[in-house]
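Commentary on secondary and tertiary structure
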Amino acid sequence: MSDAQFAVEGQTIERQTMEVDIACVGFGPAMGGFLTTLTREMAAHPDDPALQSRVMPGMPLQVLCYERADDLAAGVSGVVTAAKAIRQSFPELVSSAVPMLAPVKNEKVLYLLDPLGASKRSVALKAGDLLLRGAARDHAYELPFTPEFLNKHDGLVLSIGQFNQWVANEVMMTGMAQLWPGSPVSEALIEGDAVKGVRLADQGVLRDGAPDAGYMPGMDVHAALTVVGDGPVGPVGQSLDRHFGMPFGNQTREWALGMKMVVELPEDTPLTEGTVWHTFGFPEPEIFGFLYVHPERLASVGIFVPSWLKNPQRTAYRTLQHYIQHPYLWRYLKNAQMRSWSAKSLAESGTHGEPYLCGNGYARIGEGSGSTNMLTGSGVDEAWATGMQLAEATLELLREGREFTQENLQATYVARRRLSSVEQGVQQAKNARNGFQTGVVTGLIGMGLAGLTNGKLAVGGNIPRADQQIAPLEQSFSAAQLEKARAAVQQGALLQDALMDATGWPPIEYDGRILVSHQDALLMGGKVQAAPGFADHVLFRDPALCEPCRERTCIAMCSGQAITEGDGRVPAFDREKCVHCGACLWNCAHSTDGKHTNVDFRAGAGGFHSAEN
């Protein structure tokens, strides 16, 4: 360990540095695939000179992984996955090994009609609803089959939190890698055209980042290879994009907020573990939903609110509560008990949003590398596969004595990825969702065409920036609805709730079990906390842009109500409530430079705590 120097307000401050062989950022499925593959090989060949440390001679490779969340099990989603890559790593994986894991046993797709008449439906969709009502049961039409591209037969239902925790234990038991939760990384260390490592976030600072009592500058971690798996809104990935740009024509413009709860089903539930439901049509036609049943009567139920929902009324939590009360779902959920709740942003641009996958000294894996397949609605197994591919490439380069240059990583990691099923899947899905920019019907037709033709046919469509996908209030609501909402706001109501009330959505009648207030969900569903001494990680780049904003979508989509109306027109941010979903980053209707929204999402500690997610 050595010291580097930097200046803060005219003072020279010493910043400690540490040398490692491989520095990893973010512990999710992608990093799980990377570390599992790498450490197994290291443990199986302890005397292999190629796997000895260059920075600590006589020791194995020094591999450190830094994770923002305070717990390696603080995942945010129950998922269904084909699990092909995961099973390649763990061919003997059984349900008893990982809590909440079960094989997929039955699966169906449901089109949910609107029993309330409150959702915004096109004329074409209303006509289709009329045709389906006769065949519907409890306001839902069960598709006669699950499309092959959506089917997860032979797959797994699992909890990312529980799975991450199990994988972390498997990795640490090898003794070949160190995992450091509660260690947010602020940025990549870039010198010229090379990444030299990462910088940990400063501690002992005020909310604006200025040094305070107990100030401790974040350490600089130097590494021959930096593995970036910090997701679609991670600060290291963002710093790489700012410095290196994106490949020509690639941009991340499509997003969704996945919000869900884990519930304990009633004792007499007829739902069995391994049950998987995919839904669409309600609460709004653009919103997809799901229900996955885990062992021991636990179920994950939730929605995906997409950026192409042009309506600025995006109160995801209240929308989730309307979703679970749909008659088809409510007959199974009305006596359930909430156990956990959380949310996460999903990058839905797929290969359209693929960044540079590698460069001198670094490689990117997982969702932030554009691996998610939006045709199949699958990302976990694909992320795991990219981690495996990078680990195999890393071992190849180490054994051949070749440096981690862009050329060498292209020839090993990227080459493996281009020849894999991950690449085949994202290419088939490349334009599968373009049609949703025009409308729900064209979007569904486009997905169907892409699925049936393996991506050869799809509906075209221009994809604007996320901020340009938010329609003005006057385009989404009638004059009467706006007037009714404004009157309610003057009486103290929140704008987004007032808009839902004005458009016919009934109030939520809380039952103290599964229908609870937003703030109670934060308390019942786990715990949100922000470690003291870190700077705020959500900032408004130009407060003046917030002054005329009428849509206030950043407030509507904030999963933890951490962004609220401030004393003036600039929203207030309370990091003690932030679940780090990142929705504010793409739910701002204003841009400072034509590239970024007015919200800056930086490195931060804490977040939501629940291993059941």
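Look up: the structure comes first, before these words.
Summarised in this report is the structure supplied together with it.

Cut-offs used in this document
Throughout this document, residue positions are counted from 1 along each chain, in the order its sequence is written. Thresholds applied to this predicted model are a pLDDT of at least 70 for local features of residues and 80 or more for the giving and counting of side-chain atom pairs; totals over whole chains, interfaces and linings are not thresholded and use all residues. Where side-chain values are given, they derive from all heavy atoms of the structure, hydrogens and water being excluded. Strand pairing is defined by DSSP finding a minimum of two bridges between the two strands. Secondary structure elements follow DSSP: runs of H or I no shorter than four residues count as helices, runs of E no shorter than two count as strands, and numbering proceeds from the N terminus. Only C-alpha atoms enter the line fits that serve as axes; for helices the fit covers just the stretch in contact. Angles between N-to-C directions range over 0 to 180 degrees. Residue contacts are defined here by distance: any two heavy atoms, one from each residue, within 4.5 Å place the two residues in contact. Buried means the residue's accessible area, taken with a 1.4 Å probe over protein chains only, is under 20% of the maximum for its type, while exposed means over 50%, and partly exposed covers the values in between. Two helices that cross are described as forming a left-handed crossing if the nearer one is turned anticlockwise from the farther one by less than a right angle, and a right-handed crossing if clockwise. Each residue is assigned to one class: nonpolar for Ala, Val, Leu, Ile, Met, Phe, Trp, Tyr, Cys and Pro, charged for Asp, Glu, Lys and Arg, and polar for all the others, Gly among them.

**Digging into the sheet that holds strand S19 (residues 337-347)**
Taken in spatial order, the seven strands make up an open sheet running S7-S6-S16-S17-S18-S15-S19, and their pairing is mixed. Bordering the open sheet on either side are strand S7 (140-142) and S19, each of which pairs with just one other strand. Going across the sheet, the axis of each strand differs from the next one's by a mean of 20°, ignoring polarity. The pairing of strand S6 (residues 106-112) with S7 spans three bridges and is classified as antiparallel. Within S7, the position partnered with Tyr-111 by the bridge is Tyr-141. In this fold helix H6 (residues 316-324) packs onto S6, strand S15 (255-264), strand S16 (275-280), strand S17 (288-293), strand S18 (298-306) and S19, with an angle of close to 125° to the strand it touches most, S18.

**Observations regarding the pairing of S18**
Within S18, eight of the nine residues are buried, leaving the element largely enclosed by the surrounding structure. In this sheet, S18 lies alongside S15 in antiparallel orientation, the contact comprising nine bridges. Within S18, the position partnered with Met-259 by the bridge is Ile-303. Across six bridges, S17 lies against S18 in antiparallel orientation. Paired with Phe-290 across the two strands is Gly-302, which belongs to S18. Taking the residues between adjacent antiparallel strands as the criterion, S17 and S18 are bridged by four residues, where Glu-296 takes a positive phi near 60°.

**Let's talk about the packing of helix H8 (residues 380-400) against helix H9 (residues 406-418)**
Packing of H8 against H9 leaves a shortest axis separation of 9 Å and a crossing angle of 145°. The element H8 and its partner H9 pack so that their crossing is right-handed. Every residue of H9 that contacts H8 at Thr-386, Gln-389, Leu-390, Glu-392, Ala-393, Glu-396 and Leu-397 is listed here: Asn-408, Leu-409, Thr-412, Tyr-413, Arg-416 and Arg-417. Of the residues in the contact of H8 with H9, the class split is five nonpolar, four polar and four charged.

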